[in-house]
Amino acid sequence: MEKTEATIVINDIKNNSNGHELIGKRQESEKRKDYLSWDEYFMAVAFLSAQRSKDPRTQVGACIVNGENKIVGIGYNGMPIGCSDDVMPWGRDSENILERKYFYVCHAEMNAILNKNLVDVKNCRIYVALFPCNECAKLIVQSGIREVIYCSDKYAMKPAFQASRILLNQAGIKLRKFESQKQQVTIDFRSLEEQADDNREEETKRHSEVQGLAPHQRPHPPPLTPHTQLQQSAADTADQMQGLCLSAGGPDSGGLAKLN
């Protein structure tokens, strides 16, 4: 794994090859250990999109991903476009079957497929909170999706979901139960502000520690290399030429200064 040099920690004083006393020693920086895996990331996106659902009982999300780990479709369960969420029924126990939500709601998988930002979703995989029902399984098969990653299969014994598994297996679509060591992913809109406060506090502390050291103990800038010396010389020459131009009437005078 490639590693890069990072910050100087003020806890050790040593001499470098040029005789300068430097504060601290360079530590190797390493990437975070607790970042989300691809599976966790895409399943979290599915769960996040579910928060857009107006269903008072069940909120479900879906996320379609291509072979390059790029999201190409997102959806959640909701009413069709143009059908008011305030007018359509959301219940499921009404004596009038037409006042139950099941005839009207578009499932998350359907919306994710229809919301795709590609020509098609062939050979993609779909992350879903719930194992797809038989109707969504038909759409998954017909759209060319090749893998289903699901979080819950709590309705496995219901006929619609048994039929779904038959359809998906017959079509050769890979079915995979989502596995993760994480039980939840927290989204805190204040985290960046808190990070900035922590960074400012750390910088203030570091500055105070440096100021408390004797002058000969404070870090010195690195010595100039031949490359940086050449750059500095070129910069000085440019400054001198600019001064000559100004003495001859400025850059808009139409000519260069004559050297005597």
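Owing to the predicted nature of the structure, the values given are computational and were not obtained by experimental measurement.

### Details of a nonpolar patch on the surface
Taken together, the side chains of L48, I187 and F189 present a nonpolar region at the surface, about 390 Å² in accessible area. With respect to the secondary-structure elements, L48 resides in helix 1 (residues 38–50).

### Some remarks on the confidence of the model for the chain
Of all residues in the chain, 65% have pLDDT values of 70 or greater, and the mean over the chain is 80. Taken as a whole, residues 1–27 scores under 50 in pLDDT and shows 54 contacts with residues more than four places along the chain or in a different chain. Scored below 50 in pLDDT, residues 244–260 shows nine contacts in the model against residues more than four places distant or in partner chains.

### A look at the sheet that holds strand 3 (residues 61–65)
Strand order across the open sheet formed by five strands is 4-3-5-6-7, with mixed pairing between neighbours. Only two strands of the sheet have a single neighbouring strand rather than two, namely strand 4 (71–76) and strand 7 (174–177). Here the strands of the sheet are splayed against their neighbours by 20 degrees on average, with no regard to which way each runs. As defined by bridge partners, strand 5 (residues 125–130) adjoins strand 6 (residues 147–152) across five bridges and the pair is classed as parallel. Opposite I126, over in strand 6, you have V148 as the bridge partner. This element, helix 1, spans strand 3, strand 4, strand 5, strand 6 and strand 7 of the sheet and lies at about 140 degrees to strand 3.

### With respect to the side chain of N77
The topology assignment puts N77 in the loop between strand 4 and helix 2 (108–114). According to the relative accessible area criterion, N77 is buried, its value standing at 5%. Reaching out from N77, the side chain makes a polar contact with the backbone oxygen of T58 at a distance of 2.9 Å. Setting aside anything within four residues of it in sequence, one finds N77 in contact with S53, K54, D55, T58, Q59, V60, V105, C106, H107 and A108.

### Let's talk about the packing of aromatic side chains
A full pass over the atoms with the stated rule returns seven aromatic pairs. A centroid spacing of 5.5 Å and a plane angle of 45 degrees characterise the contact between F42 and Y127, whose relative ring orientation is tilted. Of this pair, F42 sits in helix 1 while Y127 sits in strand 5, placing them 85 residues apart in sequence. Both residues of the pair, F42 and Y127, belong to the buried class.

### Regarding unusual backbone geometry
Non-glycine residue N69 carries a positive phi angle of around 60 degrees. Topologically, N69 is positioned in the loop between strand 3 and strand 4. Since its relative accessible area comes to 23%, N69 is described here as partly exposed. In this structure, N123 is a non-glycine residue whose phi angle is positive, near 65 degrees. Looking at the element boundaries, N123 is found in the loop between helix 2 and strand 5.

Here is what the cut-offs are and how they apply
- Residues numbered from 1 in each chain as written.
- Predicted model: local features only at pLDDT ≥ 70, side-chain atom pairs only at ≥ 80, totals over all residues.
- Heavy atoms only, no water.
- Patch = residues over 30% accessible without salt bridge, like charges linked within 9 Å, V, L, I, M, F, W, Y side chains within 5 Å.
- Areas by Shrake-Rupley, 256 points an atom, 1.4 Å probe, with all protein chains shown as cover.
- Salt bridge = Lys/Arg side-chain N within 4 Å of Asp/Glu carboxyl O.
- Helix = DSSP H or I, 4+ residues; strand = E, 2+ residues; numbered from the N terminus.
- pLDDT = per-residue confidence, 0-100.
- Contact = heavy atoms within 4.5 Å.
- Pairing = 2+ DSSP bridges.
- Axes fitted to C-alpha atoms, helices over the stretch in contact; angles between N-to-C directions.
- Buried < 20%, exposed > 50% of the residue type's maximum accessible area, 1.4 Å probe, protein only.
- Polar contact = N/O pair within 3.5 Å; in protein donor to acceptor, adjacent residues only side chain to side chain.
- Phe/Tyr/Trp six-rings, centres within 6.5 Å; stacked < 30°, edge-to-face > 60°.

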